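Each chain is listed here by its residues.
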Amino acid sequence: MKKTLIISISILLSFCCFASEGLANDKPDNIATKKVIIYMIDNLSLNDITSDNTPYLWSLQEKGGIGLLNTITGGERTIKNACSTISAGKLAVGSNEAHLNFQAATVKNNEKVGDVFFRSTNFLPKPENIVVTNINIINRNNEQRRLGSPGHLGDSLHTLGLTTAVVGNSDRFDVNDRPGALILMNSRGIVDNGMIENNNTGSGSYWTDYALLHEQIETVIDNDVILVEYGDMTRLESMHAMFSKTVYQQERIKILSAIDKSIQNIDQKLATENTTRYILSPSPSRNAYIPSALLTPLIIVGPDNCGVLTSYSTRQDGIILLSNLNKSILSCFTTTIKNPIYNTSYTNSYNYLKELNKHATFNYTHQAWILTILISLLVLLVLIAIILLYKKKPRIYIESLLLLILSLPLVLLIMPLIPVSNRYMFVFLAIILCSLFTIITLIINKLLKIESIMVILFFTILTICLDLILGFDLVARSIMSYQIISGARYYGIGNEYMGVLIGATIGFATLYINRKYSITRLNFIAILFILIVFLIAFPFFGINVGGTITACIALSVTLVMFYKSKIRFRDVIAIIIGTGIIVSLMAFLDVSQPSELQSHLGKNINVLLNEGISGLFYIIIRKLEMHLQIINYRYLGWIFLVIFAAISLIIYRPNQMMSQMKDSFRFIYDGLKGIIIAAIIAFIFNDSGITAAATLSIYFVCILIYALVYDSN
Amino acid sequence: MKKFYILPLALIIVIVSLFNSNISIAANVFADKKAVLIIMDYIDTKDLTMANTPHLETLVQNSGTGLMNIRSKNLYPSSAYMSIAVGYRVGTINGAELSFNTNEKVKNLPNVFETDEPYWSAGELYSLFTNSKPNESNLVNLYAENIKKNSIKYNPPYEMGQIGKIAKNNNLSITVLGNSDTVDKLNRNAAILGMDENGLVLQGDISSKLYEYDSLMAGGTKTDHDVLLEKIESYLPSTNLFIIDLGDTTRVEMSRTITADHIVLNQRKMAIERNDEFFGQLLPLLDQESTMLIILTPNPNKDMLKEKNFGLTPVIIYDPTQSDGLLSSTTTRRPGLITNLDILPTIFSYLEADFTAPGANIHINKVDNNSIEMLDEELQLHKNLRTTRNPLHILLISLILLAFAIGLWVNYYKSYGNNKYVNILINCVLSIPFLWMFISMSNYTSLAISLLITLIGGLFVGGVLYLLFRPIDAILVITGATSILLTLDCYLGSKLMLLSPLGSDAIAGGRYYGVGNDFMGILLASSVVFTTLILSRINIKTYWKALLGFAYLLIVSNAIGNPSFGANVGGLITSLVTAGVFVLFITDRKINLNKLFIVLLLAVISVVSVAQLDALFSTNPSHAGKAINSLLTGGPQVFFSILRTKLGILGNTIYSSHWSVVMLVSAVFLIYSWIRFKEQFAILALKAPSIMMCVRILIISGITVFLVNDTGVIASALIFTYAISCFWVGISEI
């Protein structure tokens, strides 16, 4: 009990030492500007901005700040959901017909749109207003899904006494398509002013009449926030399948050139030094002609913007969320709202983003394929190892196979350092590197007489720890980790590597103490465990709540088992209390930070404070849904769970072979128990805990086989 | 010395000419020959018999008639047209039906735009999408690029517009006339038949000029026959191949969602009668001495789908060079049955064009009765068979599982007194394939009767065999009868097999001739059991036994694999492996993996040789022959494509077939028995070695058939059934 408390207190102390650092943080101060112009070019990709075809956009990105918009919304990555998300400042959705927006004075089916709007909303718009006809459905959709509230941006601007206007549309002849209004609407579905009827396509043409568009912009020049919707990219996108690739590219280049000239024209007329301009593409092009387009370019040209745009939400240089744009626009007018987007300096921002985009898209697109292949190989290696064990083959063969398996997480962690853009090459290179690590560890084993598996485990722990402390972003960029584009997490340690870190740590500790038992070694292990818990928990490093609970419980249980073979009830209570205190402290530290710096935990606690028990209930439901979604993925999750339950049963109700091993290698047996506990806790306390449990199982299997090899020898 | 050069040169020339004779037909175009392809979509034989069609009846009396398998790779109506146009079973995209006259204004492109004041002409849009300008006279498909992109996703990838392309390459002119537009929807699928690889049709008119508004007609429009006839007359001198969409029957189908069912039937009847009147006016315009006339129905209507006929529609072909009768092709080798792949070769063979196509030329078999009524009866048989097949299979599967379960129960609890039930059930199960060879005589008119015939017939035969013979003798009798009957049927054209519930399904169109995998499994298993058991009773030297058994199994293998009979490649490999394993077992050789591998290798080499010979020398190559032909011309890409298709079918069969349950249960059961009844196995090997030999050979056959056949699950399940039956019967004897 005493020792258990000492472990918990040590972890607490380590937190307190770093607490002051987390609380001290200085934020950028924005200067208020008078006008914002948003140029909305949907389906734009980073590769579309070139010095040859779009010289003005190119100059803007050099002059201002450029980043990549992660276009995740509350639903699909559609323009309607994306505009609603910007408007809400949180994840949100639109509705099927959210693009059907009109000027209030427009007559449709012999009736003024304003009158129809009044009938459904009880709000009579002014003739110059633009009305979002689906506002009730949009609100209902978001309320039902407990998403953000579209209209927040419009409301906030109105509260500041500012006016909004939208010009342009994406109409395809009689098919009305005006999603731009969704960004600037208020919660009643009203934009103050605008010209969005199809007269801007002029002379019956399908494409935008830019001269007419420029004339229309001049009529709304007095508004504070003006959104210009360039519809030609949407028009092209709608018929992309009909084009041959070459002709499509020619048309795209033509359209982009026209848009570039148009923006230049408008800027020359309207932009002053107090004008902030946003060039954004709310949703990505999904056609096969435009590869790597899920992250869309965002250019902000304003008094404070230059270099690579970064967001507090993502903490990833160059990655911005749609929801960040809401406060960013508001911060142009008031200093009371902090701009969630800040700048980072790079020598060549565009090239940096291009590389980042390429890497993120490669990981996102090929993650499933590459991991399926590598995990299949891994399973094959395990099977071969079992067969070799069964056939009592020399230890070196089995050990080599185990080294190959255990080196995979480490190899996938350092792979982002090598630029590979071909999935076959990636797999090939991963196999080569695994083999290389295996050979190196075997050589170290020969030279230094250190168990090769311990070496590989040590390097795995060391690399992850260094990455978390020094911010190399290896975990964030690894293909085995969370993906930026999917938007589940942007920083810290994901569940996959949390599993690897805990598994490798327990594995290393187990072998270390098994080699030679001494109190000094035990104390060293205790310090290592404290460090691991700290790295997983601390808001500036791992910031993984489920991981913290897992690490606290599993590592504490393992350590207590090392100290004394039997755990008593009071030990369990002490571990639970210690874990609770650590998580509370972690939450306290996170909530104490400015809101833009808060992690998921801090934000969830704020939800809990604001919405009470219903907020907590919603968070639990959301986490459970994600849990089930991941387990249900191709039913593999269920298969894994059944296998894992069977393994747990073998460990806790050992058969003759396991009992024999338990007697010979008590510490290894305790370590295996520790890994099982880690997997169970990870599964319960993490929304994608099955991935952590899966990575932990690698260490379980390898340590078990290793122990059996030892035993048989 | 010169002779040495001449000899190989001559050999090369012979080989090259052999190849060329098979895959292409010499180009010799006679401009005066014409073909007219008329589309009367969404009709059934029943619709034709119900309507008053005097002109069609006259035409039928001088033509070939038949049922055409129309299946394509997906359910879009355009895919049926594309399959005909490509001469391959393919799929295409929604929207492929949107072709236009070049100068026609486009009001609506689905999911792209719509307008009441058209801005673009179809030609302008085509130029925008493809960067190439069509001629004024051309018809353009605005989804051509999209179709092209989609076509490469298929396995194997295809090139659209083969009819147009072949015509272009042979200087033959194609004219497409007519449409199936309703007041609110465009439907110009007929243009798919005539377009080339770029989505262009040489000439024609598919615009709104070809129909007139009529509020009383389905879809609010009807084909203007006067205008259509005028157009035909004007294009006649400059056309080699006419493609004419009569439209009205399609309109009935397009508007059926808002129409009462009985009105739909009436509207379809009216449309067919209108079309018949049109035939009355059209036929005099054509030179019947030099014009081939094809009347096609590429898609089934909803009433046909309700009756589970998604694959067979009527087809009438008037060929001035042939007499009247039933249509057939080497693809189906069955009179009265052709496939949509055969239309392309038939047209271009008639027009004497130079072309290559996977399908086969249609010919007309002279018969006494080629009426539509007779086709309707034939179709009814196929529909009944399709409806009855699944319940009958489930009944057989249930009986097999019941036999397994009772056998297990009897032996597990050592309740040997109940062995008689096991034996009767096994006799019943093994006699059902034999009974099903004749069940088609009932025409499958009633599902209940078919089920009763199977159940009562099976139990009766099983009971009689049990009363008359010892269990092993009963097995010998029933497997002997089955093996001989099936072998004879194979040599006589598989007439009984094809119409059996274990035979092929003409509507699904998987296989039209030869022996399918279901019967192949039964034939192989019954032959192994029969041969082994009968040889065990003959007192001759071992090598004579080996020779006799091997000879019989070779006869069976020939029946299964010979391209002229069974034409089942996987079956041939399995049967040769089985024959090899049989020899090894009967000569008391120890079986190991090396020997099995050698046997398998020899079997594969033999089969590839047979298939290659078939491909090289047969004018009517089987599937395997065609596959080898494709390999020779297409290289490794084709090989992998075939492999992928076969693996896809295997996966699909494992997932969806009820027989997977039998196979899985059998496999588990065999493994379990091997562990649980080890003692019984040992005693069986001593007391009834022939039975043990049967079980061992059948296990190897079952595994082989699963590995080398695309639908090997069923054959494997059936072979394992024979193996387990032998095991139970053997145990009951000791």
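Predicted, not measured: the structure shown is a model, and the values here were computed from it.

### Regarding the overall build of chain B
On a plain count of helices and strands, chain B comes out with 28 helices and 17 strands. For chain B, the C-alpha radius of gyration of 29 Å lies close to 27 Å, the compact-globule estimate for 734 residues. Counting only C-alpha atoms and orienting by the principal axes, one finds that chain B spans roughly 90 × 80 × 50 Å. Sequence-distant contacts in chain B: of pairs separated by 6 or more residues, those separated by 24 or more amount to 74%.

### Here's the deal with the nonpolar core
Residue and element names in this part refer to chain B. Ranked by internal contacts, the top residues of the largest apolar core, which has 303 residues, are Leu37 and Leu142. A per-element tally of this core places helix α28 (residues 712–733) first, with 15 residues. Not counting chain neighbours up to four residues away, the residues in contact with Leu37 comprise Leu193, Leu241, Phe242, Ile243, Ile294, Leu296 and Ile347.

### What about helix α10 (residues 245–270) of chain A?
All names here are of chain A. For α10, which comprises 26 residues, the first-to-last C-alpha distance of 37 Å matches the rise-based estimate of 38 Å (1.5 Å per residue) to within 8%. Tyr248, Glu251, Arg252, Ile255, Leu256, Ile259, Asp260, Ser262, Ile263 and Ile266 are the residues of α10 that are buried. On its buried face, α10 sits against β1 (35–41), α2 (55–63), α8 (210–219), β10 (225–230) and α9 (232–238).

### Here's the deal with the sheet that holds strand β8 (residues 200–201) of chain B
All names here are of chain B. Judged by pairing direction, the sheet is antiparallel, and its 3 strands sit side by side in the order β3-β6-β8 without closing on themselves. Edge positions in the open sheet fall to β3 (99–101) and β8, since each of these has one partner strand only. In terms of strand pairing, β3 meets strand β6 (residues 139–141) through 3 bridges, oriented antiparallel. Looking across to β6, one finds that Phe100 is bridged to Val140.

### Some details on the sheet that holds strand β3 (residues 101–103) of chain A
As summarised here, the arrangement of the 3 strands in space is β3-β6-β8 (chain A), forming an open sheet in which the pairing is antiparallel. Each edge of the open sheet is held by one strand with a lone partner, namely β3 and β8 (190–191) of chain A.

### Examining unusual backbone geometry
Residue and element names in this part refer to chain A. You will see that Asn109, though not glycine, has its phi angle at about 50°, which is positive. Note on placement: Asn109 falls in the loop between β4 (107–108) and β5 (111–112). Overall, the presence of 6 C-beta atoms within 10 Å leaves Asn109 in the exposed class. Even without a glycine there, the phi angle at Lys449 is positive, about 60°. Turning to its location among the elements, Lys449 is positioned in the loop between α14 (423–448) and α15 (452–470).

### A look at the interface of chain A and chain B
Accessible area lost upon the coming together of the parts is a frequently used measure of interface size. Tallying the contact residues gives 14 residues for chain A and 16 residues for chain B. For the side of chain A that touches chain B, the per-class residue count stands at 8 nonpolar, 4 polar and 2 charged.

### Examining the pairing of strand β13 (residues 291–296) of chain B
Residue and element names in this part refer to chain B. Of all 6 residues that make up β13, 6 are buried, and the element is covered over most of its length. Across 6 bridges, the pairing between strand β1 (residues 34–39) and β13 is parallel. Bridging across to β13, Lys34 finds its partner in Thr291. Both β13 and strand β14 (residues 312–318) contribute to a ladder of 3 bridges, which runs antiparallel. Paired with Ile295 across the two strands is Ile316, which belongs to β14.

### Quick look at the environment of Val201(B)
Residue and element names in this part refer to chain B. Summarising the element assignment, Val201 is placed in strand β8. According to the C-beta neighbour criterion, Val201 is buried, with 31 such atoms within 10 Å. Leaving out residues up to four positions away in the same chain, Val201 has contacts with Asn138, Leu139, Gly164, Ile174, Val176, Ala191, Gly194 and Met195.

### Digging into the confidence of the model for chain B
All names here are of chain B. Per-residue pLDDT for chain B averages 87, and the proportion of residues at 70 or more is 91%. The model gives residues 1–31 a pLDDT under 50, and that stretch makes 22 contacts with residues more than four places away or in other chains. For this predicted complex, the interface confidence reaches an ipTM of 0.71, while the overall pTM sits at 0.77.

### Looking at the environment of Gly164(B)
All names here are of chain B. Note on placement: Gly164 falls in helix α7 (residues 162–169). Its 27 C-beta neighbours within 10 Å are what place Gly164 among the buried residues. In sequence terms Gly164 and Glu124 are 40 residues apart; their C-alpha atoms lie 22 Å from each other.

### Quick look at the packing of helix α9 (residues 225–235) of chain B against helix α11 (residues 261–282) of chain B
Residue and element names in this part refer to chain B. Packing of α9 against α11 leaves a shortest axis separation of 11 Å and a crossing angle of 30°. Viewed along their axes, α9 and α11 adopt a mutual orientation that is roughly parallel. As for how α9 packs across α11, the hand of that crossing is right-handed. Here α9 contributes His225, Leu229 and Ile232 to the contact with α11, which in turn contributes Phe278, Gln281 and Leu282. Along the lines of polarity and charge, the residues of the contact of α9 with α11 split into 4 nonpolar, 2 polar and no charged.

### Details of α28(B)
For α28(B), with 22 residues, the first-to-last C-alpha span of 31 Å sits near the 32 Å given by 1.5 Å per residue. Burial of α28(B) is extensive: 21 of the 22 residues sit out of reach of the surface.

### A short note on the packing of helix α13 (residues 395–414) of chain A against α15(A)
Helix packing for two helices is described by the angle between their axes and how far apart those axes are. All names here are of chain A. Across the interface, α13 lies against α15 with an axial gap of 10 Å and an inter-helix angle of 10°. In this view, α13 runs roughly parallel relative to α15, as classed from their interaxial angle. Contacts from Glu399, Leu402, Leu403, Leu406, Ser407, Pro409, Leu410, Leu413 and Ile414 in α13 reach Ser452, Ile453, Ile456, Leu457, Phe459, Thr460, Thr463 and Ile464 in α15. For the contact of α13 with α15, the class distribution of residues is 12 nonpolar, 4 polar and 1 charged.

Thresholds, definitions, all that
Residues numbered from 1 in each chain as written. Chains lettered and ligands numbered in written order. Predicted model: local features only at pLDDT ≥ 70, side-chain atom pairs only at ≥ 80, totals over all residues. Helix = DSSP H or I, 4+ residues; strand = E, 2+ residues; numbered from the N terminus. Rg over C-alpha atoms; globule rule 2.2 N^0.38 Å. Contact = placed C-beta atoms within 7 Å. Core = buried A, V, L, I, M, F, W, Y, C linked by C-beta atoms within 7 Å. Buried ≥ 20, exposed ≤ 12 C-beta atoms within 10 Å, placed from the backbone. Expected span 1.5 Å × (residues − 1). Pairing = 2+ DSSP bridges. Nonpolar A, V, L, I, M, F, W, Y, C, P; charged D, E, K, R; others polar. pLDDT = per-residue confidence, 0-100. Axes fitted to C-alpha atoms, helices over the stretch in contact; angles between N-to-C directions. Parallel < 35°, antiparallel > 145°, perpendicular 65-115°, else oblique. Left-handed = near helix turned anticlockwise from the far one by under 90°.

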